[in-house]
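# Remarks on the overall topology
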Amino acid sequence: MVSALINANPVVYETKERRVRSAPSDVDEYGIEPINQEEIFDHVRDIKDPEHPYSLEELKVITEDSIEVDDKRNYVRVTFTPTVEHCSMATVIGLCLRVKLIRSLPSRYKVDIRVAPGTHATEAAVNKQLNDKERVAAALENPNLLSMVDECLAPSYA
Amino acid sequence: MAKLSSLVQHIEAFVDVSRPANQQTVSIDAVASLLKNDLLTIETLVKEMEMYLTTTDNIIRARGILLLGEVLTCLTENPLGNATVHSLIRFFTDRLADWQALHGALLGCLALLRRKSDAGMVTGSDARALAESYVKNLQVQSLGQHDRQMCFELLECLLSGYPNDVASLGDVLVYGICEAIDGEKDPRCLMVTFHLVEILAQVFPDPSGPLAHYAADSFEILSSYFPVHFTHPKSDDLYVKRDDLSKALMLAFSSTPFYEPFAIPLLLEKLSSSLPSAKVDSLKYLSSCASKYGVDRMEKHSREIWLALKDTIFTLSSENVLSVVSESPDAMGFQENEVVKEGLICLHHIILQNSNLFINLIVEDEDVEVIFRSVTSCRSYNDITVEDRKKLYMLGRILSVSAQVSSSSCSRIFQTFFLRLMDILGVPLDGSFLLSEKLNSGALYLCIELLAACKNLVLDSQEYASKSFSLEDTCCSLLRNVSAALTDALSSILVLRMDQGVSEDIYSGVKGLQYLATFPGFLPISKPLFENILAIFMSIITSGNERALLWKLSLKALVQIGTFIEKYHDSEKGLGYMNIVIEKFIELICTDDSVMSFRLKLEAITDIGSTGKDFMLRITQGMEEAISTNFYEACIKENLKAVEILLPLLECYSSKVLPWFQNTGDFEKVVLNFAINIWNQIENILTVSTCFQKKDLLDATMMAMSLAVGMCSEENQAMIVQKAYNVLSLVTSLPLNESLPLSAPINVEGLEHSQYLYSFSSVDEWLISLFASVIMAVRPQTEIPNVKLILKLFVSVLLRGLVPAAQALGSMINKLPVKLNSTEGSSTCTLEEAMDIIFEANLWSLSVNDPLRKCNIMDRNKVGITNLFLNIYENVTVPTQAIVGLAWIGKGLLMRGHEKVKEITMLFLRCLLSSGKIRIFPVQQDSLGDCNGPDIDPFVMRSAADAFHVLLGDSEVCLNRRCHATIRPLYKQHFFSIMMPILLSSVAESDSSTSRHFLYRAFAHVISGSPVIAVLAEAKKLIAVILDALSTLSVDVMDKDLIYSLILTLSAILTDENERDAVTENAHIIIDRLIGLTSYSHKMLVRETAIQCLTALCGLPYVRIYPMRTQVLRAILKALDDPKRIVRQEAVRCRQAWESISSRSLQF
């Protein structure tokens, strides 16, 4: 780990209210609920930031609007915003997002992870790294990196 | 001597510092117990310890003294001689000078000072000597925390126990204490310190005494702690909280008037601090100090205090004042922030203390005048700026708080402000109000606040008779003069601005009228005026614009007025209320106008009625009239509109009115009237027409009827039953007359004539169902006329598919007595007799030489039950109905714990097994010819299986506590433990798939109806069968609810710690089945629970579940694409759990 924190004092935002479960009586048993923005957001909102004990939602790294999803074309794109421009954790955050979505979505989906344009110094490099299948697979072979990712993902399974 | 040697050992053990701590505690206890049991005296102990107490070795001496101190602490209850106490305290007093051994000395002093008088106490002179030594020798602030705390506690004991003796020390003592507490920082010590100052003030109350002398110094020490800023993260490890500290300091501040010259300026200064908690504290302290310091001392500060308070209240009013007002009309109050709230409380205290002076200050204040002018200068509320609106609210609060203090302050405020407000509003002091233009909103608001204050003051003074409030006071006479014109003015707002008004004005208008109407007595407003106000509200209500704010507020105001009348027993007003409000409402529900929806009327009327009993009684009367008229309309003229009115009326009656009466008590007459009235109606209708059709109307009537009957006492229930019976016997088509011989079976031919069986007119259905609902709700002791006939009637109609009859039968069986008292008449019967009647009634096709009859001749009942089914092949519905009937009868028996239920259940079981080995109907085999085919129609088997649901389910309609059922404790467990082995063996024996299917169905009903605890106890045997049942039942869509309840039971077993072994053993098959259910498409909850169960199974031993891993993951991967979101979410969790049991994480 780096000796000093990259963003020592991040701004913490309020979180969006969680969906409450509707009463079971009004469920249409055979109706289909397509995977939507809100559901993807529910998957990733609780991922912990690698540096701070806050969730990505609290740090506004991801918002519901930053998620594009097309259930029919099996496509999802998540655009995240690192808290500072030079954030070296951007790749780790991106990796966490990717792993979490791969584990949570049906295998028919293609996941695209991007840094929001203009929010990171090495935007193109990070995007390339995050969407290269080989490099993601290689990263997950690294036990240190994997344990770090798992730690960040832990709260999102609760 | 043995004792002494052990004593020496103990002493040595304690004194030796190198020994472990627990050994030392043991030594203390041992020595203390020797002393307690009088095996040793203190003198001996001291003599024995002499060397340790006096040695020059500091460590050993300290340990020795500590031992003595600790032992004394254990002996506070044991009596000691005065001489002993004296010598001990002298010793410890001397030892205070010995700083190396101070801890033990302090402990000893404290132990001695805390002794009760009956066990020998320290004398006054000794206490004085101790105090002297303390002041001379101790440098408290140089000690450790624990020692400091003990020092302060020592002082506390001295001051509270020996105030006179230590007081003679005077200046020296006070100075010593000041020195000791100066610079203390530990919260635990501070708690003691603050209390110390408080006691000190009591010891030296003399204005020329030492405390007065040192007041400046001691207050300087105290003042540095204000405002208490205590941010210890976890308050629990010190047992001190910020609030405790703040409170202790407040008591210290207000302990003596000598602090006044220092405290008040300090508090006023801190009030202007930017820290909200400092402001709140200052205001609290100010309230407390003001009352302690006294009027004279506070007088010179009053101007500064008023200025500071005014400043705080006006500048700190919360920002979101306005949004709140417009959103929630029920609280014109806005969220007052804590500072403002505390400020107003403080204002109240201070005005209470010196009201003339303070009211003068307020009245003559220039700022108040300026604000008053500015807020009343704009005509419409919308013209007032946000800043001014805040000021308006705050001014209202200040005026209202000041007016509420006393009658004189109220009069003063009214004289100054109210007159001017009236002037601005254009309300003349005498004469009538002439509506010219829009009223001034600001003035209106202030006026309403003042009215509320005055009203509260009058009410308070009525409640506490001591504070006499004369109605001749200025404010009251003033109000009396203007009340008429004011009412006109307020009502003009409501009438004019009904649609486009500003909500604040409407709010003020309604509140104002409400306050005027709720002044106690008819002062200051007159009776016609009161009635006028009610009429205004009623006209708003009847306009029926229920979405408007005005309508809701008016209803609320009427409810408030009703509550007020009830609370203060204001009979005169009550009369007016009754005449104007209640009567009008009753008229509303009786007449048919389309302005208001009928449900809305009912809602309003029950709200109004629930304020008082008299009102409710009158309303119920009105409702009953409405029910009567509409009943006639609905049933005879088939008026659909009447049905639409009747339905909500009956529902409202059962859901609002009856529960209200139940809560208030004393309802018998009303409820009885209601029930009898309905029967009267039916009686009337019977003579004219035969048109009853509305099923939902029947349901509503039955519900109301059974609720009403359930609430009555036995005598009244008997009256209702008798009435109902009389009505019933008017109908000749029913076999309800004495000519029907009791012992003879119902005529065979009669039953076989399909005309009798199936021409079941709707009138009969209505009558019998309603009668059944009465019977269901009666108490066990209630007398029912002609029980035997009624039983027969029910038996015969239940075969035609009338479920209420079956339920009533079950209820009767549940409540009938086992033995008859000789005093009772012949119309009642015992349970045995009733059972006989039920079963005899169906012996219709039994020939005398029947082999079954012969072999079972000993048990008539069994024959009877069996024979219910002999007609099976003619028509399927009859046995199905019979089974439903038997199920309810069985439930009645089961709940009272009667054994016959076993026979009934065995019969169901035989139905289920019929195509298996057991043949219950040998008679019928010939006629059927083919022995291998199913003997019994699947419909019958199905209803036999569902009978178990009736047996174990909880019914809303009958056989529950409300219906006074006899309920044997744990009857479900009992039934479960008897039935389960039989069911399990039947399942094992059954070789036909149909039969097995229905057996599993019955099994599922029993499992889901029984308490989980009972099921868990048998879990080992059940797991395999539950799994089989799940796989069998999952074929049919209709069984989805059963599947759900089964899987819930399974999940309870899986998560139970005690069943872990059984689950582990069966892990393989359980997981297989659960995987199957993750794709059960008919019910989402089943899939969700299955996945949750899989997640739970992840906790089983690794070896058992690892082989299943890929299989589970494959299934879960599919579940990730489930149509339902909740299932997908569970799948994510489950996948994570199963992935993480392997060492490698994810496969892509």
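The name given to chain B in an unreviewed UniProt entry is MMS19 nucleotide excision repair protein, with Protea cynaroides as the source organism. Here chain B is described in UniProt, under the heading Sequence similarities (unreviewed entry), as follows: "Belongs to the MET18/MMS19 family." Its UniProt record, at the heading Subcellular location (unreviewed entry), says of chain B: "Nucleus".

Going by what an unreviewed UniProt entry lists, chain A is known as MIP18 family-like domain-containing protein and is assigned to Protea cynaroides. The UniProt entry for chain A carries the following text under Sequence similarities (unreviewed entry): "Belongs to the MIP18 family."

## Quick word on the overall build of chain A
A count of helices and strands for chain A gives five helices and three strands. Helices and strands appear in chain A in the N-to-C order α-β-β-α-β-α-α-α. Put simply, chain A shows about 8500 Å² of open surface, and 52% of that area lies on carbon and sulfur atoms.

## Details of the overall build of chain B
Helices and strands together make up the secondary structure of chain B, namely 58 helices and zero strands. For chain B, the proportion of its 1148 residues judged to be buried stands at 56%. In chain B, 75% of the contacts between residues at least 6 apart in sequence involve partners at least 24 apart. Working note: accessible area of chain B is about 48700 Å², and carbon and sulfur atoms make up 53% of it.

## Here's the deal with helix 55 (residues 1084-1097) of chain B
Residues and elements named next belong to chain B. Helix length check: helix 55, at 14 residues, gives a terminal C-alpha distance of 20 Å against a target of 20 Å (1.5 Å per residue), a fit within 8%. Burial runs high along helix 55: eleven of the 14 residues are buried. Residues of helix 55 that are buried include every one of Met 1084, Leu 1085, Val 1086, Arg 1087, Glu 1088, Thr 1089, Ala 1090, Ile 1091, Cys 1093, Leu 1094 and Leu 1097, and no others. Contacts from the buried residues of helix 55 go to helix 52 (1040-1055), helix 53 (1060-1065), helix 54 (1067-1077), helix 56 (1102-1105), helix 57 (1109-1119) and helix 58 (1125-1139).

## As for the interface of chain B and chain A
In this complex, chain B contributes 24 residues to the contact, which on the side of chain A involves 29 residues. At the boundary of chain B with chain A, total buried surface from both sides reaches about 2400 Å², with 49% on carbon and sulfur atoms. Our enumeration of links across chain B and chain A arrives at three salt bridges. Between B:Arg1125 and A:Glu39 there is a salt bridge; the shortest N-O distance is 3.2 Å. For the interface between chain B and chain A, the tally reads 14 residue pairs in polar contact (both at pLDDT 80 or more). Among the elements of the structure, helix 55 and helix 58 of chain B are those that each provide at least two residues to the side of chain B that touches chain A. Tallying contributions element by element places helix 58 of chain B first for the side of chain B that touches chain A, with eight residues. Looking at the side of chain B that touches chain A, its residues break down into nine nonpolar, five polar and ten charged.

## Remarks on the state of the cysteines
Each disulfide consists of a covalent bond between the sulfur atoms of two cysteine residues. Under the criterion given, the structure shown has zero disulfides over all chains. There is no disulfide at B:Cys109, and the cysteine sulfur nearest it, in B:Cys151, is 9.7 Å away.

## Structural notes on a negative patch on the surface
All names here are of chain B. Taken together, the side chains of Glu 179, Asp 182, Asp 217 and Glu 220 make up a negatively charged region of the molecular surface. Within the element layout of this structure, Glu 179 appears in helix 10 (residues 171-181). Given a relative accessible area of 43%, Glu 179 falls into the partly exposed group.

## Describing the packing of helix 3 (residues 42-54) of chain B against helix 4 (residues 58-74) of chain B
Residues and elements named next belong to chain B. Orientation of helix 3 relative to helix 4, taken along the N-to-C sense of each, is 155 degrees, at an axis distance of 8 Å. Judged by the angle between their axes, helix 3 and helix 4 are roughly antiparallel. The segment helix 3 lies against helix 4, with Ile 42, Leu 45, Val 46, Met 49, Tyr 52, Leu 53 and Thr 54 engaging Ile 60, Arg 61, Gly 64, Ile 65, Leu 67, Leu 68, Val 71 and Leu 72. Its residues assigned to classes, the contact of helix 3 with helix 4 shows twelve nonpolar, two polar and one charged.

## With respect to the environment of B:Val1025
With respect to the helices, strands and loops of the structure, B:Val1025 is situated in helix 51 (residues 1019-1033). Counting along the chain gives 41 residues from B:Val1025 to B:Leu984, while the straight-line C-alpha distance between them is 7.7 Å.

## Re the side chain of B:Thr606
Residue and element names in this part refer to chain B. Along the chain, Thr 606 falls in helix 30 (residues 598-609). A relative accessible area of 4% means that Thr 606 is categorised as buried. A polar atom in the side chain of Thr 606 sits 3.0 Å from the backbone oxygen of Glu 603.

Scoring rules and cut-offs
Residues numbered from 1 in each chain as written. Chains lettered and ligands numbered in written order. Predicted model: local features only at pLDDT ≥ 70, side-chain atom pairs only at ≥ 80, totals over all residues. Heavy atoms only, no water. UniProt positions renumbered as here; feature names shortened; annotations may be inferred. Helix = DSSP H or I, 4+ residues; strand = E, 2+ residues; numbered from the N terminus. Areas by Shrake-Rupley, 256 points an atom, 1.4 Å probe, with all protein chains shown as cover. Buried < 20%, exposed > 50% of the residue type's maximum accessible area, 1.4 Å probe, protein only. Contact = heavy atoms within 4.5 Å. Expected span 1.5 Å × (residues − 1). Buried area = accessible area lost by both parts, 1.4 Å probe. Salt bridge = Lys/Arg side-chain N within 4 Å of Asp/Glu carboxyl O. Polar contact = N/O pair within 3.5 Å; in protein donor to acceptor, adjacent residues only side chain to side chain. Nonpolar A, V, L, I, M, F, W, Y, C, P; charged D, E, K, R; others polar. Disulfide = S-S within 2.5 Å. Patch = residues over 30% accessible without salt bridge, like charges linked within 9 Å, V, L, I, M, F, W, Y side chains within 5 Å. Lys, Arg positive; Asp, Glu negative; His and termini not counted. Charge placed at Lys NZ, Arg CZ, Asp CG, Glu CD. Axes fitted to C-alpha atoms, helices over the stretch in contact; angles between N-to-C directions. Parallel < 35°, antiparallel > 145°, perpendicular 65-115°, else oblique.

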